[in-house]
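# An overview of the molecular structure
Chain by chain, the residues run as shown.
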Amino acid sequence: MSSARPNILWLMTDEQRCDSLGCYGSPWARTPYLDRLAKEGVLFETAITPAPVCMPARTSLLSGQYPAQTGVWHNDGEVESASAHLVSSFRDAGYQTASFGKQHYAPDSMGTAAFGTESGSCLSEHVGYYGYAEQHDESQYDVLKYPQDNFNWIFGGRFPAPAEETAEAQAIEGAMQWLDARERNDPFFLRISFNGPHTPVAPPAPFDELISPESITLPSAAESRPAGCSDWVTNELARCESSEPLSDQQIQRMRQCYYGEVAYLDTQFGRLLEHMRARGLLDNCIVVYVSDHGTHLGDYGLVQKQTFFEPVVNVPFIFWAPERIKSGLRYQTPVETQSLMPSLLELAGIGPVASRCAPSLAPSLESDCEPEPRPLFSELKLQSFRPHIRHEGRLVMVRHENWKLSVCLDPEVHDAALYDLNNDPYERNNRAADPECHNRRETLLRLVVEHLNDAGSGEQIES
């Protein structure tokens, strides 16, 4: 093992499901570069996002803390985080830090950016969230839009310009230029953050048709919305994110473009990895791969995110560093992705971090021991620019010992959903009102209450 401080490469996507990667068992995925990282590194089979929505999750990943600690519960408004970005610890240790692509996190309480250099954009100039640029005739690109006024998300289509003009290709180009121009005597911490496969989903040819729709077989048991799911899903979220307006053929097209987009992103990550490998920059480098949260693709009767169902809260999480961590391990114990920064700090010999941050996974990464099991949490507010949503309560999920409980905390604890993931992996049977599960429900609810009371907000919650 090299005694020099390792370089850090953080590869990140937005709204990516685990079943989009071959290394997570997807037979239709086309992701050789990321699969290689998993094969040569450590893959976590279950990694829970701190929040199933963009800005809260991204802020938590940077701080190692939950939304209840950062104060960032939703995407709306100019919110400042009450927590520090842990990238600053790398800067203090002499690292050059940079992030290319999508940023979309809350600045800290001092208004400070996380990275010394931040460049790039979420989207290209050719395709927006709800439409193609004026010079492009959408009828020529097999575009699929969500048929709802004001939110015509682009769920499928073909990129209307050369592939090198995608935002992802431009982010990779900027990162490679930064690597080649930087001061070589100091280590670097580089993040590549793609908007994809978040909407607009419009991969360049041939990726928009690379994967046959017939080969994509999501579990049939999870295609519809469960009858007993949370009221806030049925009465609030489903009104603006239901899959019912889409035909079966449109859902197939949405899935084809989504998984094709991930295949395209894999090639872009591969460009960067090969660029670095040719220059010896991977010789003493820790690579981590993660997404902020997942998404629905018509499964559970929904599109988009903002639920606690497994395709949304369970995300890819991979570490690679042949000189520093074990190789070829797949850990079964569920973990939380906001352990990312504490783990990198410890692996780089900079830690430890504050006790209120997520625990480091470095001991498991450096050995062949499963992480210590612990309760895992994810948090959300539905406050949103979507006009149909009027729900403002805090929503919290806990997962422990293969049971999952979610509740709304406001104005008091209510709307519980309890699932036995061992016997009900697709979350069809809400057992919150089942007398046989009373003790289990109360135990998990007590964990939620203790978790929120320990967050430091000063407000005490009663169960």
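Since we're looking at a predicted model, the values are computed, not measured. (Residues numbered from 1 in each chain as written. Predicted model: local features only at pLDDT ≥ 70, side-chain atom pairs only at ≥ 80, totals over all residues. Heavy atoms only, no water.)

With omega at 0°, the peptide bond leading from Thr199 into Pro200 counts as cis. Structurally, Pro200 can be placed in the loop between β8 (188-197) and α6 (231-241). Note that the residue after Asp410, namely Pro411, is joined by a cis bond; omega there is 0°. When you line up the elements, Pro411 lands in the loop between β17 (403-408) and β18 (414-420). Backbone geometry at His104 places phi at a positive 50°, although glycine is not the residue there. Take His104: its relative accessible area is 27%, and that puts it in the partly exposed class. (Helix = DSSP H or I, 4+ residues; strand = E, 2+ residues; numbered from the N terminus. Buried < 20%, exposed > 50% of the residue type's maximum accessible area, 1.4 Å probe, protein only.)

On to the environment of Gly393, then. Among the structural elements, Gly393 can be located in the loop between β15 (376-381) and β16 (394-400). By relative accessible area, Gly393 is classed as buried at 7%. With twelve residues separating them in the primary sequence, Gly393 and Lys381 have C-alpha atoms 6.2 Å apart. Each residue touching Gly393, except ones within four places of it in the same chain, is listed here: Leu380, Lys381, Cys408 and Asp410. (Contact = heavy atoms within 4.5 Å.)

Okay, α6 next. Among all positions in α6, only Trp232, Val233, Glu236, Leu237, Ala238, Cys240 and Glu241 are buried. Along its buried surface, α6 packs onto β11 (303-304), β15, β16 and β18.

What follows covers the pairing of strand β12 (residues 317-320). Where burial is concerned, the two faces of β12 agree: the one with Phe317 and Phe319 and the one with Ile318 and Trp320 are both buried. Where strand β2 (residues 42-44) lies against β12, two bridges are found, and the strand directions are antiparallel. Looking at the pairing, Val42 lines up with Phe319 of β12. Strand direction decides the pairing type here: strand β9 (residues 285-291) and β12, joined by four bridges, are antiparallel. Along β12, the bridge assignment pairs Val290 with Phe317. (Pairing = 2+ DSSP bridges.)

At a minimum axis distance of 7 Å, the contact between helix α1 (residues 32-40) and helix α7 (residues 248-278) shows a crossing angle of 60°. Compared by their axis directions, α1 and α7 come out oblique. Facing α1, whose interface residues are Pro32, Tyr33, Leu34, Arg36 and Leu37, α7 presents Asp266, Thr267, Phe269, Gly270, Leu273, Glu274 and Arg277. Among the residues forming the contact of α1 with α7, the class breakdown is six nonpolar, two polar and four charged. (Axes fitted to C-alpha atoms, helices over the stretch in contact; angles between N-to-C directions. Parallel < 35°, antiparallel > 145°, perpendicular 65-115°, else oblique. Nonpolar A, V, L, I, M, F, W, Y, C, P; charged D, E, K, R; others polar.)

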